[in-house]
Structure formats: C-alpha cells, structure tokens
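Each chain, letter by letter, is given below.
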Amino acid sequence: MALREETAQDVEIARLQAALQDLDDNRQRAECMASIQSDAVQLALDLLVTHPDLRGFFRMFIKRLVDDSEAHACGVWLLDDATGACDLWMANIGGETYTPESAGWASLDLPRESMSRHLAACEEGRTAILDYDGDDQRLPEAVRAFNRAATARPATLALYYSRLVDQSLLEARRQAVLEERNRIARDIHDTLAQGFGAILMQLQAAQRGGVSNLPTAAARSLETAIDLARTHLIEARRSVAALRPQSDEREDVATALHRMVDLAQRTGDVPVELVIDELPAFDAGVEREIIGITQEALTNAVRHARAQRIVVRAGAVRGVGFRLSVADDGRGISGDRASAGFGMTSMRERAERIGASLTFVTAARSGTEVVLAWQPAAFSIPRAGDGLR
C-alpha cells in the first residue's frame, strides 16, 4: 500500500516539475523577445541622429521588426509638441508598408483614433520606453480587440492549412481506393471473366458437336456445367462493372439497360425483351441505384426463375417520375425466399437510399414482377410496403 502511494506521489511530482519547466521556458522566451524588441528600439533611436533618410529608415526598420518578431502589424506615430496631437505616420501590416501617400491609407483596418488619443495623453511615454503586451489593460479596448484579432489570425490560418492537409489526405486515400478497385476489376476481367468465357465456349462447342451421342446423365451434367459457367461469367462481369469508378465511366439508365439486356441475351437462352419509353431527369445518384436494382432483378430472373420470357420496361410516370418493371413467366418466388437473400436485401436498401418504392409481385408458377417506382423529392409518392402480393 505504501509503495503504491509513493508511486502516485512520484507521478504527481514529475507532472509538477514538467509544468514548472514549461513555465520557465515560456518566461525565458518572453524575456528574450522583450530584449530583442528593446534592443531594436534602442538601435533605432541611436541611428535616428545619423541616418540621412528618416522615411526610408523607418520603412526598413518596421518591416524588419514585423518579420523578426513574427508580428502582424507595426506603426510609427508622430507627436506634435505644439498641438499635443499624435498621428499615425507609417505602418507595416502583414509585410506591406503604408504611408499617408499610399492608396487605401484612410481605409486601413487599424484602431488609429483610439491609439492616437492614448499616445497623446500618455505623459509617461514621452520620457521613457513603455512595454505593452497585446491585451494590456492600459491600452484602449479597440486596440486590445485589434491585437486579439491579429493574434487569432495565425491560429485561423493554421486551422485552414490543417483542413487543406486533411482534404489532401482524404483525396489521396480516395484515389488509392479507386486505383485498387481498378486493379481488382482488371484482375477479375483478365482472369475470372476471360476464363469463364473460354470454358463456356468450349462446353458449348462440345454440346453442339456430340451431345446426341452422350448418355442422358452425361448430357445433363454438360448442360449443368454450361449453366454454371454462364452464371459465373455474368457474375464476374457484374463485379467488374461494380468496381469501376462511377465518376469516370458513368452510364445513364437507358444505356445501362441496353447493355444488361444485350449481355443477358448473349450469355443466356431466355429471350429478354426491353421496352424503354421517354425517361425523366434523375436527381444526383439516383441513376446508379436504379441500374443496380435492375441488374439484380434481371440476374435473379435469368438465374432462378426458370422462365421462358423476360420483359424489362422503363419509362416516365406523370412526366417527372419513373417506373421500372422486370417481369418473368417463371416459377415465382416462394415466401421464405422472398424475405431472404443478399440480392433482395440489396435492392431494398438501394430503393430506400433514393426514396423509391420497391414491390415484388409473384405467385407460384405464374412468374414474378419486380416494380420500382421513383419520384423526385418535390413529388413524393406513397411508399408501398416491401413484400409479396
């Protein structure tokens, strides 16, 4: 128990020592900066009596003072002993020197009137050098507010640059992800898709050449192998399409529907009819989700429906909405399969993301119709419950 207490005390002592060291370091830095500024002022006073060009000297001096002390602004004020007035004569703001002859002199963002009154009334400053910190209580409030704002600028700038760096890192990560997706897509296309395509061609050639001479079981196995090769070729191509960067190779709905139906026709035996009426304008991101839903519905119909015919219809509703139907005359969807499976879950999630209605109309041995209805936000439609009817 005593050992544990001593350990806690040691940690506390170490923390206090570190805090004291930080305070001492800050004090030394402040003293060093004050010494630099005092030496600079004293040097300026010593040179005033010998330098032939006072305006040029102060222009150089205040610029150097701003640069060396990492300050935001520095001003030179002239005191008229006869009238007691004290006016701003020269200023350096952010590295730029201004005089009464400079354009925009009158509109400089400086609390000149408050500082002028303060200096004119400060008798002590006429016989001695006065040091002020930025929020010194002896300064007018307008001057202190200006100093606080000037102090905040570097922090704001640092925050701005930090955000730029974060955005650059985010963009770099996004680009790396896109490049990796592209690489995977190329690999799938060059290996799996090409391989399944070659296998499918060989199997179909074997089927055409000698299926009549094969035993019934062997012919069935060959047909199954063809179906499997065709199915996995479609899946490989779908994976390639899904991995490609959408921003670089964007398809509209009509183009995508023609592509998908053409692919289903070339790789399958089921006739697929496509009917496209005039399409509406889509909100940002809607087309991608519609294409994904159509691809999934069409793939399900080709793979699982055992249909003799598939019809895909797409067109506008009331001029602004959209209706998509993928219908087949196959075996229908049983109740347990309608609520399960990643494909149907994915379609529902896509529909929810764009605020659309998705309905499955099915009956045993009477086929299935997947209906997607979408309206832009200004024309909301009732949301049909997802399920079987």
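Reading guide: rules and limits
- Residues numbered from 1 in each chain as written.
- Predicted model: local features only at pLDDT ≥ 70, side-chain atom pairs only at ≥ 80, totals over all residues.
- Heavy atoms only, no water.
- Pairing = 2+ DSSP bridges.
- Helix = DSSP H or I, 4+ residues; strand = E, 2+ residues; numbered from the N terminus.
- Axes fitted to C-alpha atoms, helices over the stretch in contact; angles between N-to-C directions.
- Core = buried A, V, L, I, M, F, W, Y, C linked by side-chain atoms within 4.5 Å.
- Buried < 20%, exposed > 50% of the residue type's maximum accessible area, 1.4 Å probe, protein only.
- Contact = heavy atoms within 4.5 Å.
- 1 Å grid on protein atoms, 1.4 Å probe; cavity = no way out; pocket = protein on both sides within 12 Å on 5 of 7 lines; lining within 4 Å.
- Points joined across faces, edges and corners; volume = space filled by probe spheres on them.
- Nonpolar A, V, L, I, M, F, W, Y, C, P; charged D, E, K, R; others polar.

A few words on the sheet that holds strand S6 (residues 321-328). With mixed pairing, the five strands of this open sheet are ordered in space as S4-S5-S6-S8-S7. Bordering the open sheet on either side are strand S4 (272-276) and strand S7 (357-362), each of which pairs with just one other strand. For this sheet, the mean angle separating the axes of adjacent strands, direction not counted, is 10 degrees. In the sheet, S7 pairs with strand S8 (residues 368-374) via six bridges, with the strands oriented antiparallel. When the sheet's bridge partners are listed, Thr-359 is paired in S8 with Val-371.

The two faces of the sheet receive side chains in turn, since in a regular strand these alternate between them. Here S4 runs beside strand S5 (residues 310-317); their pairing, made up of five bridges, is parallel. In the sheet register, Ile-276 faces S5, and the bridge partner there is Ala-314. Across eight bridges, S5 lies against S6 in antiparallel orientation. Note on S6: the bridge partner recorded for Arg-313 is Ser-325. Between S5 and S6, which pair antiparallel in sequence order, lie three residues; one of them, Arg-318, sits at a positive phi of approximately 55 degrees.

Let's shift gears to the nonpolar core. Looking at soluble globular proteins, one finds that nonpolar side chains tend to be buried together. One finds Ile-290, Leu-298, Ile-310, Val-312, Phe-322, Leu-358 and Leu-372 to be the most contacted residues of the largest nonpolar core, which totals 35 residues. Counting residues per element, the ones that place at least two in this core are helix H6 (253-267), helix H7 (286-304), S5, S6, helix H9 (342-353), S7 and S8. It is H7 that contributes the most residues to this core, seven residues altogether. In this structure, Leu-372 is in contact with Ile-290, Ile-293, Phe-322, Arg-323, Leu-324, Ala-351, Ala-356, Ser-357 and Leu-358, ignoring residues within four places of it in sequence.

In spatial order, the strands read S1-S2-S3; together these three strands make up an open sheet with antiparallel pairing. Edge positions in the sheet fall to strand S1 (73-79) and strand S3 (96-98), since each has one partner strand and no second. In this sheet, adjacent strand axes meet at a mean angle of 20 degrees when their direction is disregarded. Direction of pairing for S1 relative to strand S2 (residues 86-93): antiparallel, over a ladder of seven bridges. The residue of S2 that forms the bridge with Cys-74 is Asn-92.

Let us look at empty space enclosed by the protein. Under the definition given, this model contains one cavity of 30 Å³ or more. Of the voids in this model, the largest cavity is the one considered here, and its volume is about 80 Å³. Lining the largest cavity are ten residues, and of these Ile-234, Ala-264, Gln-295, Leu-298 and Thr-299 lie nearest its centre. For the lining of the largest cavity, the secondary-structure elements that each account for two or more residues are H6 and H7. No other element matches the five residues that H7 contributes to the lining of the largest cavity. Split by residue class, the lining of the largest cavity holds six nonpolar, three polar and one charged.

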